[in-house]
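# Chains, contacts and geometry: an overview
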Amino acid sequence: MTIDSTGYQPKPQEVHTSWIAGIAARTPAAYFGMVLGLAGLGNAWRAAEQTWHIGIAVSEYVLALAAAVWAILVLLFVAKAVLASDKLKAEINHPVQCCFIGLIGVATMLIAGAVEPYSYAAGALLFVVGFAFTAIFAVWRTGGLWHGERDPATTTAVLYLPTVAGSFVTATIASSLGFQDWGQLAFGAGIFSWLAIESVLLHRLLTGPMTPPALRPTLGVQLAPAPVGAVAYISVSGGAPDIFVHAMIGYGILQLVVLLRLSPWLREAGAVMGFWAFSFGATSIATAPLRLLGHGDTSAISVVAPITFALANVFVLGLTLMTIWLLVSGRMYGQPAPGK
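A few points on the structure. Keep in mind the model is a prediction, meaning the values are calculated, not measured.

### Observations regarding the layout of surface pockets
Empty space within the largest pocket amounts to approximately 670 Å³. For the largest pocket, the lining is made up of 32 residues, of which N43, T172, S235, T287 and R291 are closest to its centre. If you list the elements that add at least two residues to the lining of the largest pocket, you get helix 2 (33–52), helix 6 (103–115), helix 8 (160–176), helix 10 (225–237) and helix 13 (279–294). A class-by-class count of the residues in the lining of the largest pocket yields 11 nonpolar, 17 polar and 4 charged.

As structure tokens, then:
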């Protein structure tokens, strides 16, 4: 405990509160990407266990970890709002970081899906809270974007998060709760938002200046729309294999291969938490084929499924080990978040 220049000696509870405020202030909403990756892997394991009749419940352990990370991050976000509101306002007004705030609602809906098999009421309540946050933030953020005068250099794949990720996850979880018709409406909102934003992002990538290293991990979000949309489509359509869902998975595989080709360029960002941006797309590209297999698909998907499932497990394990290393080495909060 230290004494300041005025001779004031802070009380123990003030020091404790200051420490919490410091951690909360340095925890960006982008860290909710960990919840998306872990919950996505848990859902992939649920699909694998059902499809391949795996007896061990790996999925529930992974989803429990996702729920624990979600709870910690929610508490830190609340602490930031109360104890470091200036930092929260700066994040909200940041042209890149602001979009990650939408992950709070998306993560909450994914936890609702994890909880629903154990308690429908708890799952439904979490879904309503997550959906309300997602919808309100998506409308607010989209309205702000429509004002124009945006710096093209700040146009990154995080623009997908409020409307595309939010709508597709809404569709998936609403369907699991028994509301497929409402899920279909959300799927429509997601897919047309995706197609519109995709053209803007590709124009920026093709014609704008090279993305600086600090922003390159945000390209991981580029992987997500097609496979996350495929999972949503399977949920709202009943799961029967058809050409449309195969096409979405195929486009996701194309995105994956292009990003793998760019991996040396992406790694110039260093070991940073921003790489969790790849995790939801990577786990969804494993989940969609597995769910199709569970609905009787025997096409090329039967070859794709085990490969993408193995890759998703290796990737999320690697991210988890990286995160532990960053935390233990003191680097998790010692470097700027993506886009800073």
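### Concerning the pattern of salt bridges
Considering all chains together, one arrives at 3 salt bridges under this definition. In this structure, the salt-bridge partner of E60 is R46, at a minimum N-O distance of 3.0 Å. Of the two residues, E60 sits in helix 3 (residues 58–83) while R46 sits in helix 2, which places them 14 residues apart along the sequence. Under the relative-accessibility criterion, E60 is labelled partly exposed at 22%. Among the salt bridges present, the one from E91 reaches K80, with a minimum N-O distance of 2.6 Å. You can see E91 sitting in helix 4 (residues 85–93) and its partner K80 sitting in helix 3, a full 11 residues away along the chain. K80 matches E91 in its accessibility class, with the two residues each being buried.

### A closer look at empty space enclosed by the protein
For the structure on display, the rule yields 4 cavities of 30 Å³ or more. The computed volume of the largest cavity comes to approximately 230 Å³. Along the wall of the largest cavity there are 22 residues; nearest its centre are L36, L103, L161, V221 and A277. For the lining of the largest cavity, the secondary-structure elements that each account for two or more residues are helix 2, helix 8, helix 10 and helix 13. Sorting elements by how many residues they give to the lining of the largest cavity places helix 8 first, with 5 residues. The residue inventory of the lining of the largest cavity, partitioned by class, reads 19 nonpolar, 3 polar and no charged. Counted as a void, the second largest cavity has a volume near 80 Å³.

### Topic: the packing of helix 8 against helix 10
Geometry of a packed helix pair, given as the angle between the helix axes and the separation of the axes. Running from N to C, helix 8 and helix 10 point in directions that differ by 25°, and their axes come no closer than 8 Å. With respect to their mutual orientation, helix 8 and helix 10 come out roughly parallel. For the pair helix 8 and helix 10, the crossing hand works out as left-handed. Seen from helix 8, the contacting residues are Y160, V164, F168, A171, T172 and S175; seen from helix 10, they are P225, V228, G229, V231, A232, S235 and V236. Considered class by class, the residues forming the contact of helix 8 with helix 10 number 9 nonpolar, 4 polar and no charged.

### Details of helix 8
With 17 residues, helix 8 should reach 24 Å at 1.5 Å per residue; the first-to-last C-alpha distance of 23 Å fits that figure. If you look at helix 8, its biggest bend is around 25°, right at G166. Across the 17 residues of helix 8, 16 count as buried, placing the element largely inside the fold. G178, located one to two residues past helix 8, shows a positive phi value of around 100°.

### Examining the packing of aromatic side chains
Inspection of the entire model under this criterion finds 10 aromatic pairs. Taking 5.7 Å as the distance between ring centres and 75° as the angle between the ring planes, the aromatic pair formed by W52 and F309 counts as edge-to-face. With W52 in helix 2 and F309 in helix 14 (residues 301–328), this pair connects stretches of sequence that are 257 residues apart. The class for W52 is partly exposed, based on a relative accessible area of 36%. The interplanar angle of 35° and the centroid separation of 5.6 Å between the aromatic rings of F168 and F187 together place this pair among those described as tilted. One end of the pair, F168, is in helix 8; the other, F187, is in helix 9 (residues 180–207), with 19 residues separating them in the sequence.

### Quick notes on unusual backbone geometry
At H53, a residue that is not glycine, the phi angle is positive and equals roughly 55°. Inspection of the secondary structure puts H53 in the loop between helix 2 and helix 3.

### Brief notes about the side chain of S175
Counting through the fold element by element, S175 comes out in helix 8. Setting aside its immediate chain neighbours within four residues, S175 contacts Q180, G183, S235 and V236.

### Let's talk about the environment of G281
Note that G281 resides in helix 13. Once the C-alpha coordinates of G281 and G252 are considered, the two residues, 29 residues apart in sequence, prove to be 8.2 Å apart.

### Focus on the environment of T51
Structurally, the position occupied by T51 is in helix 2. Expressed as a C-alpha distance, the spacing of T51 and L293, which sit 242 residues apart in the sequence, is 6.6 Å. With residues up to four places along the chain from it excluded, the contact list for T51 reads L290, L293 and G294. A polar atom in the side chain of T51 sits 3.0 Å from the backbone oxygen of L290.

Calculation rules
Residues numbered from 1 in each chain as written. Predicted model: local features only at pLDDT ≥ 70, side-chain atom pairs only at ≥ 80, totals over all residues. Heavy atoms only, no water. 1 Å grid on protein atoms, 1.4 Å probe; cavity = no way out; pocket = protein on both sides within 12 Å on 5 of 7 lines; lining within 4 Å. Points joined across faces, edges and corners; volume = space filled by probe spheres on them. Helix = DSSP H or I, 4+ residues; strand = E, 2+ residues; numbered from the N terminus. Nonpolar A, V, L, I, M, F, W, Y, C, P; charged D, E, K, R; others polar. Salt bridge = Lys/Arg side-chain N within 4 Å of Asp/Glu carboxyl O. Buried < 20%, exposed > 50% of the residue type's maximum accessible area, 1.4 Å probe, protein only. Axes fitted to C-alpha atoms, helices over the stretch in contact; angles between N-to-C directions. Parallel < 35°, antiparallel > 145°, perpendicular 65-115°, else oblique. Left-handed = near helix turned anticlockwise from the far one by under 90°. Contact = heavy atoms within 4.5 Å. Expected span 1.5 Å × (residues − 1). Bend = angle between axes of the 7 residues up to and from the residue. Phe/Tyr/Trp six-rings, centres within 6.5 Å; stacked < 30°, edge-to-face > 60°. Polar contact = N/O pair within 3.5 Å; in protein donor to acceptor, adjacent residues only side chain to side chain.

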